[in-house]
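As a plain string of letters, each chain reads:
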Amino acid sequence: MSELEPVIGLEIHVQLATATKMFCGCELSFGEPPNTRTCAVCLGLPGSLPVANARAVHFGLMIGLAVGSELAERSIFHRKNYFYPDLPKGYQISQYDEPLCLGGRLGEVRIHRVHLEEDAAKLIHVGASGRIHGSDASVVDFNRGGTPLAEIVTEPDLRSAEQASEWLKLLRTTLRQLGVSDVNMEEGSLRCDANISLRPAGSQELGVKTELKNMNSFRFIERGIKAEIARQRKLIEGGGTVVQETLHFDPDSGAISSLRSKEEAHDYRYFPEPDLLPVAIDEQMRAAAAAAMTELPAARAERYQRELQLSADSAQLLAFRSELGDYFEAAHDATTDPPAPAQALANWIAGELVSRLGDGEDPAASRVQAPALAALVGLIAAKRVSVGAGRQVLDKLVAEGGGDPAAIVAAEGLQALGGQDELGVIVAAALAANSDAAERVRAGNQKAIGPIVGAVMRETKGRAEGTEVTRLVHEQLGI
Amino acid sequence: MLDLTAAAAIAQIEAGELGAEELFELYRSRAAEHGGDLGAGGLNCFTWIAEDGSPAPAQPGAPLAGLPLAVKDLFCTEGVPSQSGSRILEGYRPPYTATSVARLLQAGSTLLAKTNQDEFAMGSSTENSAFGPTLNPWDRTRVPGGSSGGSAAAVAAGLAPWALGTDTGGSIRQPAALCGIVGLKPTYGSVSRYGMIAFASSLDQAGPLTRDVTDAALLLEHMVGRDPCDATSLQFPEPIARPRAERLDGVRLGVPAELQRPGADFAGAELEPGVRAAFERALKLAEELGASVQEIHLPHAPHALSAYYVIAPSEASSNLARFDGVRYGARAQAATDLLDMYTRTRHDGFGPEVKRRIMLGTYALSSGYYDAYYGRAQRVRTKIADDFRTAFESVDLIVTPTSANVAFELGEKTANPWAMYLSDYFTVPMSLAGIPAISIPCGLSAPGAGAGSSPSSEDVGEASGSAAGGLPVGLQIAGPAFSENRLLDAAYALEQALGFDGGAGRV
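As the structure is a prediction and not an experimental result, all values here were calculated from the model. Each chain carries its own residue numbering, running from 1 in the direction its sequence is written. Labels follow written order: the first chain is A, the first ligand is 1, and so on. Confidence filtering applies because this is a predicted model: local features only for residues at pLDDT of at least 70, side-chain atom pairs given and counted only at 80 or more, and all residues used for totals across whole chains, interfaces and linings.

**Considerations on the overall build of chain A**
And step 1. We count a stretch as a helix when DSSP gives it H or I for four or more residues in a row; a strand needs E for two or more, and each element gets its number in order from the N terminus. Along the backbone of chain A there are 15 helices and 17 strands.
And step 2. For 479 residues, the compact-globule estimate of 2.2 N^0.38 gives 23 Å, and chain A exceeds it by more than 25% at 29 Å.
And step 3. Considered along the principal axes of its C-alpha atoms, chain A spans approximately 90 × 55 × 45 Å.
And step 4. Using C-beta atoms placed from the backbone, we call a residue buried if 20 or more other C-beta atoms fall within 10 Å of its own, exposed if 12 or fewer do, and partly exposed for counts in between. Looking at chain A as a whole, 42% of its 479 residues are labelled buried.
And step 5. Contact between two residues is assigned when their C-beta atoms, built from the backbone, lie within 7 Å. Residue pairs at least 24 apart in sequence account for 70% of intrachain contacts in chain A once pairs closer than 6 positions are excluded. This radius of gyration counts C-alpha atoms alone. The globule rule is 2.2 Å times how many residues there are, raised to the power 0.38.

**What about the pairing of strand β2 (residues 68-72) of chain B?**
All names here are of chain B.
And step 1. Of all five residues in β2, five are buried, a share of seventy percent or more.
And step 2. Burial along β2 is two-sided: Pro 68, Ala 70 and Lys 72 and Leu 69 and Val 71, pointing in opposite directions, are all buried.
And step 3. Note on pairing: two strands pair once DSSP finds at least 2 bridges between them. As paired elements, β2 and strand β3 (residues 110-115) share five bridges and run parallel to each other. Residue pairing across strands places Lys 72 opposite Thr 115, the latter belonging to β3.
And step 4. Orient the strands so they point away from the viewer, and a crossover whose first-strand-to-second-strand path over the helix runs clockwise is right-handed. The parallel pair β2 and β3, bridged by helix α3 (residues 99-106), forms a crossover whose chirality is right-handed.
And step 5. Looking at chain direction, β2 and strand β4 (residues 162-167) are connected through two bridges and run parallel. By the bridge assignment for β4, Val 71 is matched with Leu 164.

**Digging into the pairing of strand β14 (residues 245-249) of chain A**
All names here are of chain A.
And step 1. When strand β13 (residues 210-215) meets β14, the two strands line up parallel, connected through three bridges. Opposite Glu 211, over in β14, you have Thr 246 as the bridge partner.
And step 2. Following the chain from β13 across helix α3 (residues 218-237) to the adjacent parallel β14, one finds a crossover that is left-handed.

**Examining the sheet that holds strand β5 (residues 182-185) of chain B**
Strand pairing in a sheet relies on backbone hydrogen bonds. The paired strands run either parallel or antiparallel.
All names here are of chain B.
And step 1. Judged by pairing direction, the sheet is mixed, and its eleven strands sit side by side in the order β1-β3-β2-β4-β6-β5-β10-β11-β9-β7-β8 without closing on themselves. With partners counted over all chains shown, the strands left at the sheet margins are β1 (46-49) and β8 (292-296), one partner each. Between one strand axis and the next, the sheet turns by 30 degrees as a mean value, whatever way the strands run.
And step 2. One ladder, built from three bridges, connects β5 with strand β10 (residues 437-445); its direction is antiparallel. Of the residues in β10, the one forming a bridge with Leu 184 is Ile 438.
And step 3. Axis geometry follows a simple rule: fit a line to the C-alpha atoms, using only the stretch in contact for helices, then measure angles between N-to-C directions, giving values from 0 to 180 degrees. Seen against the sheet, helix α14 (residues 484-498) touches β9 (397-401), β10 and β11 (471-478) and runs at an angle of roughly 15 degrees to β10.

**Examining the nonpolar core**
And step 1. The biggest cluster of nonpolar side chains holds 281 residues, and the ones touching the most others in it are Ile 63 of chain A together with Ala 160 of chain B.
And step 2. Those residues in contact with Ile 63 of chain A that sit more than four places away from it in its chain are Cys 101, Val 114, Ala 150, Ile 152, Leu 175, Leu 178 and Val 180 of chain A. For this entry, the nonpolar core is defined as buried Ala, Val, Leu, Ile, Met, Phe, Trp, Tyr and Cys residues connected by C-beta atoms within 7 Å.

**Here's the deal with the packing of helix α9 (residues 370-381) of chain A against helix α11 (residues 405-412) of chain A**
Helix-helix packing is characterised by the crossing angle of the two axes and by the distance between the axes.
All names here are of chain A.
And step 1. Axis separation between α9 and α11 bottoms out at 8 Å; the angle between their running directions is 55 degrees. Taken together, the axes of α9 and α11 are oblique relative to one another. In this structure, α9 contributes Ala 372, Ala 375, Leu 376 and Leu 379 to the contact, and α11 contributes Pro 405, Ala 406 and Val 409. Relative orientations are named as follows: roughly parallel for angles under 35 degrees, roughly antiparallel for angles over 145 degrees, roughly perpendicular for angles from 65 to 115 degrees, and oblique for any other angle.

**Quick notes on the environment of Met 215 of chain A**
All names here are of chain A.
And step 1. As for its position among the elements, Met 215 is in strand β13.
And step 2. Residue classification places Met 215 among the buried positions, given that 23 C-beta atoms sit within 10 Å.
And step 3. C-alpha of Met 215 to C-alpha of Asp 193: the two residues are 22 residues apart in sequence and 6.6 Å apart in space.
And step 4. Not counting the four nearest positions on each side in its chain, Met 215 is found in contact with Cys 192, Phe 220, Ile 221, Gly 224 and Phe 249.

**Details of the sheet that holds strand β4 (residues 77-81) of chain A**
Residue and element names in this part refer to chain A.
And step 1. Spatially, three strands are ordered β5-β4-β16 in an open sheet, and the strand pairing comes out antiparallel. This sheet does not close on itself; its edge strands, each paired only once, are β5 (91-95) and β16 (271-272).
And step 2. In this sheet, β5 lies alongside β4 in antiparallel orientation, the contact comprising five bridges. Residue pairing across strands places Phe 77 opposite Gln 95, the latter belonging to β5.

**Side note on the packing of helix α8 (residues 342-356) of chain A against α9 of chain A**
Residues and elements named next belong to chain A.
And step 1. Taken N-terminus to C-terminus, the directions of α8 and α9 make an angle of 115 degrees; their axes are 10 Å apart at the nearest point. In terms of orientation, α8 and α9 fall into the roughly perpendicular class. The crossing of α8 and α9 is right-handed. Contact residues: α8 offers Ala 344, Leu 345, Trp 348 and Leu 353, while α9 offers Leu 373, Ala 374, Val 377 and Ala 381. If you view the pair so one helix is near and one far, a crossing is left-handed when the near helix is turned anticlockwise from the far one by less than a right angle, and right-handed when it is turned clockwise.

Spatial relationships are all this shows, so hold off on functional conclusions.
What follows is the structure, encoded as structure tokens:
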């Protein structure tokens, strides 16, 4: 049997950060007491009618533009009919065969469509288990019901769990930067289902897929997809066949269980929602969405590479965390003498600075001003300060807050050693003091250089540049 | 007081010759006395009546002067039972009032009563009500039509000066015809549907049931208008005017051949002789008033009923899904699990006609059948609208009988749904096209000879009303979208010339 290749497509539900719900005037709920953000419409009371939220349509168009979709001139809402207590009308208003946005691409993944719909209410199962099985009763909180959702459906372009998780982070950053959603997985404003199948590597056909539902963290997504790929691989390699079904991943046990099989699949009896008019997108709405766009991560990374010649990795690192990108640009815009090269700045921000801050902390909120960091990187690039001394300066900037790097360098005596002569003398002394090591280096053991460099660094308090020390050691040993 | 039309009563109140409270109390006590349960000898046209001593709010200066208003059960009225004729909503009191009703209250109406109807407006006789049938005040052995039968009977009997109804496929026009009053279905979208318990969303329209055309115009004037709560509502392009036309000079009337002579597929929709005679007399009168009458064609109109009975049940099957026992209304108590609760609640809560239509609609929308049924019915609907558009290039208004027959006997059609559905043959095409149509009384006719006469009819003959003098016949006039003013003018001119006296229906 040839190697099996995973094929993964994602369906992402994003709660839109509008002021009010999708089809009524209720404010969105953020943990208010149950059933306090409700009205006749979102409770599905007899006689009530939906009215589409123009802001949600606007946000939907922004998402469409961000992923390069074609914005449909006319799209319609459908009713998706099924019975469940979290669905007060007995149908969900969604979009079916005429969605708001069609096609597109984000990063390496093609987008199939983007459409608008309303969120369901929240079922709370009362009892020890907290889950539906074994509960004593179930109660419904309609605060969430009717929250606007954008559903983003990808083509099956992903090939691994890690890639899926990485791509989802790009999507999250893109949506956050658009300002259309809080995109918080733990709070449910970003939810992801994955369609997973396996096929012989190189095949163009798609295998039978399963749908893994509602994984609510990046970690669970990666683990869930991995577990399902492993399950399917074992099944197929054991001569079995995959059954199309909806699955639930339990992050505690790592187990995958079936939610419902295809035999019970609903016939949703979609038909055009007669209570709503078709959504007609005119030039004005298109222009408003375009005007609301900001530069998005993928474009930003591309610009960093093109204009500032950053490496691809650095460009993505900064662009996909927009706060790092913003900080980088502020530092880059600062005029310093000597100037700070872009790639060195990127390295210092993404490496040294980020590692000194708390997890996910915005460097702009830290004590290190962007121009100060730029000044420091400029000094290091001009070799007026060694890398090691630079780290000490940065420690001080982070700990004590602000300050002029040049002043700290002067006050602490951290300036780079003046020329080869001064350093050469210290290196010669270190070689003399470590003659055994020197012999071994001369004999070809490069690892033996450690104690010699260490002695130089101690003597210079880190002001010497490691590479320069190594060069001088080799020079003086004649190798 | 009872002889006054609503407009005349308002004029007297404004002139200080009549007290609004006095008028309200007259109607309230009459409604309670004659409109109550069958067991108490009433017409059973009400499902709720304002309590004795409940104040008729004096609304000085308000255009409708505190006049009592009867409202079909399916309009939501805050704190007042709104049950849409269904067991599943028995006792349901909504927390809000429908926009159309709220506008009329704002204009000075006073809520007098809620009226009986076919369950969820599904029916043509008001026999499909969970609260028992309403009787036709002209002949208590007969139906008032439906589904707005309670509203029609109440106005005809003089138990309310006027009333609100809804029309999905004829539910205002047909009962108005069978009860000898005026009923208007406005252009779709001109009156807000917000707060109307939905039957078929793309067809439902609220409208007035009144004693005469002037009252219909007056009530409609205060109902129309865009409502931000109803995305399908529209601003009416002009104010609704008081009709004044005395002549029909230059008005071109079209009589659709297809609605005069239903084909063999529609046996049962042929005009009763007396209805045909009354219709032809009305056409003659129109010509005497200066109108020209010509035969026109609506080639797809014979398919209207079939398309309607796919589209309306499809929408209904979805609209009625919310009655699941979870949040309001009845819930079956003995259920073992969620599915069982749903099943029992809906089994116990819905009547047979509602179940039939939910099943029809669920089937028509199901995957694999959608194109063949729902998709095709929508295409027929478009063709019918095109037929009307073409017809209105050569005529100003279209006239037909409202119903092939006068009021039929209670129980006559309940065993045969198709026979009942045929009651909508003349009214459904306009509903599908979304255009306005009015029914006005155009004379009396003896009930159709031999047509399903009940063996018991002679036994109850004495108890019945005045069938001996004949039963009312309705004339339907339809116009293009938003032509209500033209429609009302023509109806008014004919009404004056016809001189119909509805007094025999009053109790």
